[in-house]
Each structure stands twice: as structure tokens, then as C-alpha cells.
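Chain and residue survey
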Amino acid sequence: MLNKHLLTLSASSYSSLCNLCFVILKFGCLQFCLVLCIRCYFVMHSLISCSEWDQPPKNMRPPGSVPIKDYAIETPLKKSSEEEIFHEVKINFDPKSSIAAINFVLKDEETGAWYQHRGRDFKVPLVDYLLNDSNVVGAKRGFNIWPGAFLRKMLLKAKELPSKDQESSSGSKDVKQESRQVEGFYEEQPITKQVVIQNLITVSVTKCPKTAKNLLYLETDISGEVVLHWGVCRNDAKNWEIPAGPYPSETTVFKDKALRTLLQPTDGGNGCSGLFTIDQEFVGFLFVLKLNEKTWLKCKENDFHIPLSSSSSMHAQPGQGQYEGQLVSEKTLEENQAVPRTPHSKGIINEMRNLVSDISSSRKTKTKEAQEGILHEIEKLAAEAYSMFRSSIPTLTLTEKAVSESEPPETPKICSGTGTGFEILFQGFNWESHKSGRWYMELKEKVLEISSLGFTVIWLPPPTESVSPEGYMPKDLYNLNSRYGSIDELKDLVKSLHEVGLKVLGDAVLNHRCAHFQNQNGVWNIFGGRLNWDDQAVVADDPHFQGRGNKSSGDNFHAAPNIDHSQDFVRKDLKEWLCWLRDEIGYDGWRLDFVKGFWGGYVKDYMDTTEPYFAVGEYWDSLSYTYGETDHSQDAHRQRIIDWINATNGTAGAFDVTTKGILHAALGKCEYWRLSDHKGKPPGVMGWWPSRAVTFIENHDTGSTQGHWRFPSGKEMQGYAYILTHPGTPTVFYDHIFSHYHFEIASLIALRNRKKIHCRSTVKITEAERDVYAAIIDEKVAMKIGPGHYEPQSGSRRWSLAIEGNDYKVWEAS
């Protein structure tokens, strides 16, 4: 909810006060009479330097002020009287001083939010030459009238500037004497605060014994004129219809799409309610609440939906449902109604049939047993991924018996997209690891510890010579003497990791490569070393590097020449290089950098050639946002990642960026309902294709010292409690395992291994509310994250608490 408030400012100057002037700042509410306790930072500017903050002199500091370092003070605002809704502070100042302006910002002590003016600090001018500053509030040049809803009209006065003759005769005068002093003003500044509210809606459904119709009683604790915007639906598609009458009183038809009923006040006036009669042919009751012309109450960004099909089994005291509301605009509501929500149709089935055909056509390169294993798995997984879109479409009949996604085979098959299915990945470096110059040797000292924690796969940094020390701007691909160590040290590290049973992933940067030489135009696109390509290896549509290859099959990375993978010689050279890394260094698989830059079909070619134990691509894409807020549905985002995995024919998994982004919003804003999609599944790639989802909460880009998209501070263990108990292949970041989180993460890994949770485990979400998310995985593990309460229900299984931490708990079935 957006709650509007007023900040009012006034200034006066009176000679009777011995030339002392004062500024009064007030803060209060326009709506709901909400009074906030806030603090201000007040800073005085000198005439000579108007861009930096300085502390005001002690005789100008209001009572209760506290110094903030050496540049500001913090002052609480106080009520002028008990009846007054405004809080205020009075600041005295000497007009003869060199102070040019007062700068301040407001802090809401309850939420910690800061309020500024147009994204910058408030600035109240005390002399007129600051008035053209776009950040200035308060007085304006010349005479002016200040309008206001309830403020008296105030007149601005100003002293006359000296004449040109006077200027010429007194060129050495103080700067402040050349400026007019601002003598008075009064201004209102609107401030908007977002306030979280909770309301209860209770819906009861019974069947009328005489008419066999459904009687639906709705009650809410919201008072005032509340309009119920409602309709009914006949199936799970939830398409709105207008039922036949009779309707409650105060009901009107809205655009032939829905009905609007003014709810009646309940006894005592503490809410309102309505009674509705629905024919038994309808299976659902749909509604939203209209509080005013621009404010609508919805359920987690969706329409409220009350199922009616099972109402015949209800008793005289029916069940109740509680829903949390979220405000949306009327425009959004009408747009949602104008476009009926229908499932994807035959196009999806055709896409999957093409996928199966593509897989079948590649069988010449593999043994029959391997062909059948890959075909079985990918057909089944692709069918499950797309089934989320095909709720009303008959299931596609597979040509061969599929392997169950929820039950891995007793002897796990190795697949490059999943490994055994029980993998736990460890990222063995951070953004600063290159600085010592001997990272390989430092990591070798931790090999036994890493293995003992229960990890099965470790991801090492890019090994090649690179323009950037971190390794992500490769130059000579066959030169493996990098900032992390020498090629011999890398071999020694990989050998040590193998000796303790860990598989090793090499970080392969295939999208781009830095050139050794310039062309005749001075552009760096000629390569040296063993792979001495020319500009034909560079895509033609990157304007920075004048490539003569074909157009890119993905997004361009503009910091270096983007390699054209459609060229036969490029693919041949890269496949030979990857095989050399596998044979020479001992890599067991690949982490593929920036795969958004080239088609996943090329990845399939590289994977078929190198036959890795495990492979994962970094398909980094922006989530969906509306007005800066993360959308509840991220289906489009995860679909793009799924499409890339499909293009590889399932030969590689992908980092589940969707899940990370949703965890950010859910944990950071205490909106745990985000962790369930509209079908009650996990909302990331994990919910559609779990065996190909490589989950993580932080890596060298997002965390470490780079911090491009840092996980909500203090919530990291909730994130690990989520990914280490759920399906997918979880990844643990180096900075977290070697920190104060060490013991908790190790306990979660041990539990996952002990209960045999795997990349295809089943998830039953039992709670997804504002302050708590809970789920049961494989009927073996129960977990909850968030400050809300949850305990797994005892039934055929007994649950014992295994791990507990800050706002998370994990139980295991005994």
C-alpha cells in the first residue's frame, strides 16, 4: 500500500530576534492519520563550498542532536503538542554567517527507509544564488504564492540586489553581500511510504439441501465501501463467466465479463460480507476486491479462486481459507480479464516431437545402449518440462518406456547433464583467488577437507592465459600458465582431487577470445598461438571487432571478439582443445561460460565429442520486473533457460538463475509465497526440469568482492537450507563453506547424502505464505524457511529435528 505524507518547510527572519532566523521542518500524514517517528540528518553548507556536507556549529544544533562522524548530525523530530499530527524540528541560524543551505534526508526509524527529494538530498536555500539547483526545495526567486490543501498563503520577500554601479565600486565585498537573503517561505513536499498491510478474507461453502446449489459466504475484516468483483469458472482454465441470477442486492454487471457487488457491513461494523448462490455446474468462484478506483486487492498477484467442485462433501461447518492480498492497478486487472488464460496447445507437442527426432538422428555416433539411455531420459524430462504448459492436452505417448524422473535407477546412469543424479558441486575459487599466484597449491592443501564435507564435484577457475587476471578473457587457449598457477601445479591439483574421489570441472570460455594482433584498420581480431585464427573466426554482427564470419547465434559479449561457432574449422579446433584438456589435465567435465552467446546445438556437438561426466552452462538472463518489483511469475525467464537446455539435447544442465532471483525477492522482502508457482511447484528451473537445474545462491560474480547480485545479507543459510534439501544439483560457494557457515552447510550436505536426496527428488510444498515456506522432499526430509511457524504433521512417518538455524529448520523421517 502506498501511504502519502507531507513534509512541510517554513523559514522566517525577524529583526526582533536579534537577527536570528529559523527553519521549521514538519512531517505528518495526509491519509490514515499514521504518525511516524523519524530522524533527520542536517548539514550546513558554506558559501565557498556548496557541494560537500559539513556539521553545523554547536549553537545551531537542535536539542537531542547526535554527531554522525564529521559531516552531519542526527536529530529526532518531536510533536509540538499531543493533538498535533505533525512532528517537527526547529533550527536557528544566523543570517550573517557564511551558511548557504541546509541539506537533509529523512529516515523512518520503523523500517529504516530513507526519503529524499527526486533521488537526492533535500536542500533548503538560505541565499538566493542556489535557487536554480534542481535539488532545491523551498523559496523561489522573486515574489510567489504557495498553494496548499490546508496551508495559509505565504508571501516571499527578498532584498534588492545592488546596482551595477555599486558592484563596480565595491568589487572586494564578501560574496554573501552580493546575494539576496531568503527571508520567508512555506512549502509542502509529498512523501510516499510503502506500508505492508494484512487483511483476512474468510470464505465458506456449503450445499443447499433443497436446491443442491452452492451457498458461498464471504467475509472480510476490511471496513468501508468494499466492492467484490466476481465471476465463476467451469474448469481449471479459470476463465471468468457471469452466472445466472439471482444476485445479491447492490450488484451490477461490469463489461459483460464480471459482476460487482457492494459488500454489506457486518454486525458491529468491523468488516463486511456477502452471500452468493452458485449453480452446481460451476467448479470455481473467482473474485478480487475493489477498495477504490485505483486500489484492488488480489491473492499473490492472481485472482482469488475458491474451488466448488468438492463442496458436496462439506459439512455444516465448512472449511475456511485465508488469503493475503496484494494491491494492483485497475488497468492491470482489466488487462488480465481481457486476455483469457489458456494452456499451450499443439505447438508444444510439435516442439517436443522435433526434439525426439533430433536425438534419434544422432544415434550413429554412440553405442546402442548409450543411445537408448539418453533417448529414454531426455524424452521423459522434456515431456515433464512441457507438461506444465499442457494441462488440458493428452500426454504424448513415448516411443520407448521412460525412466521415472522421481525414482532414479538403482545403478545410476552417468549422463553429462546430471552425473549420477546425486552430485553436490563445490565452486573452488572466488573473484580474488588469482591474486596470490599460487591458488592451485593453496587449494591442494584443502583437498581432504573438501572431500570429507561430502562434495562430489569441484569447479576450478579458467586455466588459460587471459587478458584479465580472473581468466575470463582468454587469449592463447593452449597456454595454461595462468594467474592461478602453472600447468604442472594444475595437473598436480587435479590428481590430488581424483585421489579423494572428486570429479573436476574445467571452466571453459568458448564464447569469446582476445586477439594477439590488429588488422589493417587497427582492430584487434587476429589471433596467435596454436589456434592462429583470423577475422573469419569472429562473428560479423559485432560492430566492435569487424568480423568476417556469419551472424552470431546468440548475444554478443562486447568486451572481446565473439567466436563464430558456425565455422567448421572453429568447432574442429575447439573440440580438439577440449579433448586435449580432458586428456592432458584430467578434467572430468565442464562449466561453460556465457552460453547465452552461442546456440546450444553447438554445445551438444562439443559434449558429444568430449563425453563429460558432468556439464553445466551459465545462461545468465534478466528476470521479469514491473515497476522495479520482481514479478511473481518467472515462467518466461525459466522457459528461456529450458529452451537452451533443450537445444543441447539435455547434454548439459544450466545454473538455475530463476531460483536465485526468486529467493532474493522472497527472503529479502519476507514474501515466501513466491516460492510456489501457480501449479504448486518450485518456481525456478527446478520446478520444470529438476535434473538439469544446477541451483546456487552465490558465485564469484554475484558475491565475493564483485558483489554484482549479492544474496540478501544474513539470509544465506535459508538459501542453502532450500537448495540442499530440494531436487536439482546444488552448488556451494567457496566463500561460504570457509566461513562461519561451515558447520551448518556441512550438516545440510551430510543430511542430503544420508537421505539420498537427488536431482530428481519429488517436492511437496506444504506452506507458501507471507512469512514461511515449507516442503517435504521424497517423504524423507521436511524443511521450512522464514520467521513463521511450521511443524511437519505426524502421520505414517515420525519426524525428528535434524538441523536448526536462523529462521530455518530441517527434519528427517525416522
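Quick look at the structure, then. (Residues numbered from 1 in each chain as written. Predicted model: local features only at pLDDT ≥ 70, side-chain atom pairs only at ≥ 80, totals over all residues. Heavy atoms only, no water.)

**A look at the overall build of the protein**
A count of helical and extended segments in the protein gives 15 helices and 39 strands. Within the span of the protein, comprising 814 residues, buried residues form 52% of the whole. Taking the intrachain contacts of the protein between residues at least 6 apart in sequence as the baseline, contacts between residues at least 24 apart amount to 66%. Surface accessibility of the protein: about 37400 Å² in total, with carbon and sulfur atoms responsible for 49%. (Helix = DSSP H or I, 4+ residues; strand = E, 2+ residues; numbered from the N terminus. Buried < 20%, exposed > 50% of the residue type's maximum accessible area, 1.4 Å probe, protein only. Contact = heavy atoms within 4.5 Å. Areas by Shrake-Rupley, 256 points an atom, 1.4 Å probe, with all protein chains shown as cover.)

**Some remarks on the side chain of His726**
Position of His726 relative to the elements: it lies in the loop between α13 (716-723) and β34 (729-733). Among the residues examined, His726 registers a relative accessible area of 0% and is labelled buried. Of note is the side chain of His726, whose polar atom sits 3.1 Å from the side chain of Thr725. If we ignore the near neighbours within four places in the chain, the residues touching His726 are Met686, Arg752, Ile757, Val763, Tyr773, Ala775, Ile777 and Met783. (Polar contact = N/O pair within 3.5 Å; in protein donor to acceptor, adjacent residues only side chain to side chain.)

**Quick look at the nonpolar core**
Phe455, Leu460, Tyr720, Tyr773 and Ile785 are the most contacted members of the largest nonpolar core, which has 114 residues in total. Setting aside residues no more than four positions away along its own chain, Tyr773 makes contact with Tyr672, Leu675, Tyr722, His726, Val763, Ile765, Glu767, Ala768, Met783, Lys784 and Ile785. Listed in part, the 24 residues of the second largest apolar core include Val226, Leu259, Ile278 and Ile306. (Core = buried A, V, L, I, M, F, W, Y, C linked by side-chain atoms within 4.5 Å.)

**As for the pairing of strand β14 (residues 227-233)**
With six of its seven residues buried, β14 lies for the most part within the structure. Taken together, the four bridges between β14 and strand β16 (residues 258-262) define a ladder with antiparallel strand orientation. Opposite Val227, over in β16, you have Leu262 as the bridge partner. Where β14 lies against strand β19 (residues 284-292), seven bridges are found, and the strand directions are antiparallel. Each bridged residue has a counterpart across the sheet, and for Val232 the counterpart in β19 is Phe285. (Pairing = 2+ DSSP bridges.)

**Focus: the pairing of strand β36 (residues 773-777)**
Each regular strand shows side chains that alternate between the opposite faces of the sheet. Burial analysis of β36 places five of its five residues in the buried class, which makes it a mostly covered element. Sheet topology note: the strand β35 (residues 763-768)/β36 ladder contains five bridges and is antiparallel. Among the inter-strand pairings, Ile765 is bridged to a residue of β36, identified as Ala775. Between the end of β35 and the start of β36, which pair antiparallel, lie four residues.

**With respect to the side chain of His637**
Within the secondary structure layout, His637 lies in helix α10 (residues 635-647). Judged by relative accessible area, His637 falls into the buried class, the value being 0%. Leave out the neighbours within four places in its chain, and His637 touches Asp621, Ser622, Leu623, Val657 and Thr658.

**Quick word on unusual backbone geometry**
Between Gly245 and the following residue, Pro246, the backbone shows a cis peptide bond with an omega angle of 5 degrees. Structurally, Pro246 can be placed in the loop between β14 and β15 (251-254). With phi around 55 degrees, Lys756 is a residue other than glycine that occupies positive phi space. Note that Lys756 resides in the loop between α15 (742-754) and β35. On the basis of relative accessible area, Lys756 is assigned to the exposed category, the value being 52%.

**Points about the pattern of salt bridges**
In total, this model carries 31 salt bridges according to the counting rule given. In this structure, Lys596 engages Asp555 in a salt bridge whose closest nitrogen and oxygen atoms are separated by 3.3 Å. Of this pair, Lys596 sits in the loop between β28 (589-592) and α9 (600-610) while Asp555 sits in the loop between β27 (524-526) and α8 (568-584), and the two are 41 residues apart along the sequence. When its relative accessible area of 34% is taken as the criterion, Asp555 is described as partly exposed. Salt-bridge contacts for Glu804 lead to Lys809; the nearest nitrogen and oxygen are separated by 3.9 Å. Classification of Glu804 as partly exposed rests on a relative accessible area of 49%. Through salt bridges that share partners, Asp507, Arg591, Asp593 and Glu618 make up one connected network. (Salt bridge = Lys/Arg side-chain N within 4 Å of Asp/Glu carboxyl O.)

**Here we look at the sheet that holds strand β13 (residues 214-220)**
Through backbone hydrogen bonds, the strands of a sheet pair up, either in parallel or in antiparallel fashion. Taken together, the four strands give an open sheet; going across it, the order is β12-β13-β18-β17, and neighbouring strands pair in antiparallel fashion. Unpaired on one side and paired on the other, β12 (201-207) and β17 (264-265) mark the two borders of the sheet. As defined by bridge partners, β17 adjoins strand β18 (residues 272-278) across two bridges and the pair is classed as antiparallel. Within the sheet, the bridge partner assigned to Pro265 lies in β18 and is Cys272.

**Quick word on the sheet that holds β34**
Around the barrel, eight strands lie side by side as β23-β24-β25-β28-β29-β32-β33-β34; this closed barrel has parallel pairing. Geometrically, the sheet is characterised by an average inter-axis angle of 30 degrees between neighbouring strands, direction not taken into account. With two bridges joining them, strand β29 (residues 614-617) and strand β32 (residues 653-655) adopt parallel strand pairing. Residue Gly617 lies in a different strand from β32, and its bridge partner there is Ala654. (Axes fitted to C-alpha atoms, helices over the stretch in contact; angles between N-to-C directions.)

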